[in-house]
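# Coordinate analysis (summary)
Chain by chain, the residues run as shown.
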Amino acid sequence: MKGSHRIIVESRKVKYDFIIHRNITIITGDSGSGKTVLIDLIHDYGRYGADSGVFLSCDCPCKVIDSEDWERKIEETTGSIIFIDEGNRFLVSKKFAQLVQGSDNYFVLATREKLPALPYSVSEIYGFRKSGKFHDAKQKYNEIYHLYGEISEEKNINPKLVITEDSNSGFEFFKEMSRQKGVNCFSAGGKSSIIRQLEQRPNEEGTILIIVDGAAFGSEMKDISECIKTKTQGNIVLYAPESFEWLLLSTKEIPGVKVETILQNPEEYIDSKEYVSWERYFTDLLIESTSKNFIWAYSKKRLTKAYFAPRIVNAVKTIMKLVDWEKSF
């Protein structure tokens with residue numbers, strides 16, 4: 001399943017109108033925010049159709065799955081948007097994560113829980129805002145797609161320490177950029193270790209820049225955003241592009257790599273059955289696009305020297321436009 005899909009659900013009392021772009025969408029918010037009402041309306045429409053008093057519009061089937069025989073229902077469903085409400089304990093299970101991977105469906109999950117087994121995007125976490133009877137989805141963390149923190153967009157970020165989620169090629173690249181700037185760069189060794197890295201530096205002076213793969217970092221966003229808010233220094237900034245590979249592709253500086261059309265609308269090219277996250281897609285796209293060029297052949301484990309060329313480094317700096325990578329004195 002590919003593409004973006006607009007969903008309109010309406011009853012006499014309430015209307016929801018939102019668009020989902022990827023295979024995993026999270027709807028969160030406090031009790032009474034409208035999550036369960038939405039899913040109940042979709043459930044009623046699926047059971048009674050127009051007789052339910054519910055209007056539902058979407059270009060593909062929408063259905064609700066609950067705890068009863070959920071494994072079989074997911075396995076037998078294709079080309080649909082599956083809604084699951086919080087309270088279904090299987091949401092946190094490894095089996096559910098396995099079924100999502102390789103599924104020809106999109107999943108909309110209403111939950112306030114952390115789902116670490118699912119690689120969902122920081123930009124696909126939503127809460128509902130309402131005006132009268134109208135509800136639409138507002139990105140919960142939409143401001144952190146590039147930078148997150150109490151910092152004006154007019155002010156450059158001048159990091160004194162860099163922490164990367166990645167421990168391979170991405171870490172290599174940002175370690176070199178940090179070396180040129182004259183600051184330290186450490187790898188957290190995975191997304192679940194970011195908080196621990198911050199806890200080990202409770203009195204760090206200067207701005208800490210954290211770089212993560214936004215396409216699969218969604219499960220950590222609640223914890224890290226709370227950590228950022230509680231830090232008395234207010235000196236933590238999160239940079240969350242889709243992935244390191246996305247950054248390299250976006251430079252448009254790699255010889256023979258022409259993927260501008262894909263980068264403009266990735267959802268039209270990424271099949272949920274083949275890729276559980278966009279991060280994996282961009283990795284494969286970069287590997288495939290450079291496979292016939294020995295100098296530029298990309299490996300997630302180790303970068304070739306070509307990627308440290310000034311034109312690549314400068315292009316990445318341009319994309320990370322609010323971060324000051326000039327040497328600190």
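Residues numbered from 1 in each chain as written. Predicted model: local features only at pLDDT ≥ 70, side-chain atom pairs only at ≥ 80, totals over all residues. Heavy atoms only, no water.

### What to know about the overall build of the protein
Counting secondary structure elements, the protein contains 10 helices and 13 strands. Residues classed as buried in the protein amount to 53% of the 329 residues present. Contacts in the protein between residues at least 24 apart in sequence constitute 69% of all its contacts with a sequence separation of at least 6. Accessible surface, the protein: about 16100 Å² in total, of which carbon and sulfur atoms supply 46%. (Helix = DSSP H or I, 4+ residues; strand = E, 2+ residues; numbered from the N terminus. Buried < 20%, exposed > 50% of the residue type's maximum accessible area, 1.4 Å probe, protein only. Contact = heavy atoms within 4.5 Å. Areas by Shrake-Rupley, 256 points an atom, 1.4 Å probe, with all protein chains shown as cover.)

### Comments concerning the pairing of strand β6 (residues 81–84)
The alternating pattern of β6 places Ile81 and Phe83 on one face and Ile82 and Ile84 on the opposite face, and all of these are buried. Relative to β6, strand β5 (residues 62–64) is paired through three bridges, and the arrangement is parallel. Opposite valine 64, over in β6, you have phenylalanine 83 as the bridge partner. Since β5 and β6 lie parallel, the crossover through helix α2 (residues 70–76) that links them has a hand, and here it is right-handed. (Pairing = 2+ DSSP bridges. Right-handed = clockwise from strand over helix to strand, strands pointing away.)

### Considerations on the side chain of serine 277
With respect to the helices, strands and loops of the structure, serine 277 is situated in the loop between α8 (260–264) and α9 (278–290). The buried category is assigned to serine 277, whose relative accessible area is 2%. The contacts of serine 277, once residues within four sequence positions are left out, are Pro119 and Ala215.

### Some points on the packing of aromatic side chains
All chains considered together, the criterion is met by 13 aromatic pairs. Summarising the aromatic geometry, the rings of phenylalanine 174 and tryptophan 325 are spaced 6.3 Å apart at their centres and angled 25° between planes, so their arrangement reads as stacked. One end of the pair, phenylalanine 174, is in helix α4 (residues 169–181); the other, tryptophan 325, is in the segment after α10 (310–319), with 151 residues separating them in the sequence. Judged by its relative accessible area of 3%, tryptophan 325 falls in the buried class. With centroids separated by 5.1 Å and ring planes inclined at 80°, the aromatic side chains of tryptophan 296 and tyrosine 307 adopt a geometry described as edge-to-face. In this pair, tryptophan 296 is assigned in the loop between α9 and α10 and tyrosine 307 in the loop between α9 and α10, connecting sequence segments 11 residues apart. Side by side, tryptophan 296 and tyrosine 307 carry an identical accessibility label, which is buried. One aromatic cluster is present, built from ring pairs that chain together Phe173, Phe174, Phe244, Phe308 and Trp325. The residue whose ring lies beneath arginine 22 is tryptophan 278, and the NZ or CZ to ring-centre distance is 3.5 Å. (Phe/Tyr/Trp six-rings, centres within 6.5 Å; stacked < 30°, edge-to-face > 60°. Lys NZ or Arg CZ within 6 Å of the ring centre and 35° of its normal.)

### Looking at the sheet that holds strand β13 (residues 236–239)
If you trace the four strands from one edge of the open sheet to the other, you get β11-β10-β12-β13, paired in parallel fashion. If you trace the sheet from one side to the other, it starts and ends with β11 (184–187) and β13, each paired once. Neighbour-to-neighbour, the strand axes of this sheet turn through a mean angle of 20°, independent of strand direction. Looking at chain direction, strand β12 (residues 207–211) and β13 are connected through four bridges and run parallel. Each bridged residue has a counterpart across the sheet, and for isoleucine 210 the counterpart in β13 is leucine 238. Strands in contact with α4 are β10 (159–164), β11 and β12; relative to β11, the strand with the most contacts, it is inclined by about 165°. (Axes fitted to C-alpha atoms, helices over the stretch in contact; angles between N-to-C directions.)

### Regarding the nonpolar core
Side chains of a nonpolar character, in soluble globular proteins, are inclined to be buried together. The biggest cluster of nonpolar side chains holds 41 residues, and the ones touching the most others in it are Phe173, Phe174, Leu209 and Met320. Listing elements by their share of this core, those giving two or more residues are α4, β12, β13, α7 (244–250), α8, α9 and α10. Among all residues touching leucine 209, those that are not within four sequence positions of it are Pro159, Leu161, Val162, Ile163, Val237, Tyr239, Met320, Val323 and Trp325. (Core = buried A, V, L, I, M, F, W, Y, C linked by side-chain atoms within 4.5 Å.)

### Quick notes on helix α6 (residues 221–230)
The periodicity of an α-helix, 3.6 residues per turn, causes residues three or four places apart in sequence to face the same way. Residues of α6 that are buried include every one of Met221, Ile224, Ser225, Cys227 and Ile228, and no others. Down the axis of α6, the smallest arc covering the buried residues is 155°, so these residues share one side. For α6, the exposed residues lying more than 90 degrees away from the buried face are Lys229 and Thr230. (Arc of directions from axis to C-beta.)

### Side note on α10
Taken together, the buried positions of α10 are Ile312, Val313, Ala315, Val316 and Lys317. Of the surrounding secondary structure, the elements contacted by the buried residues of α10 are α4 and α7.

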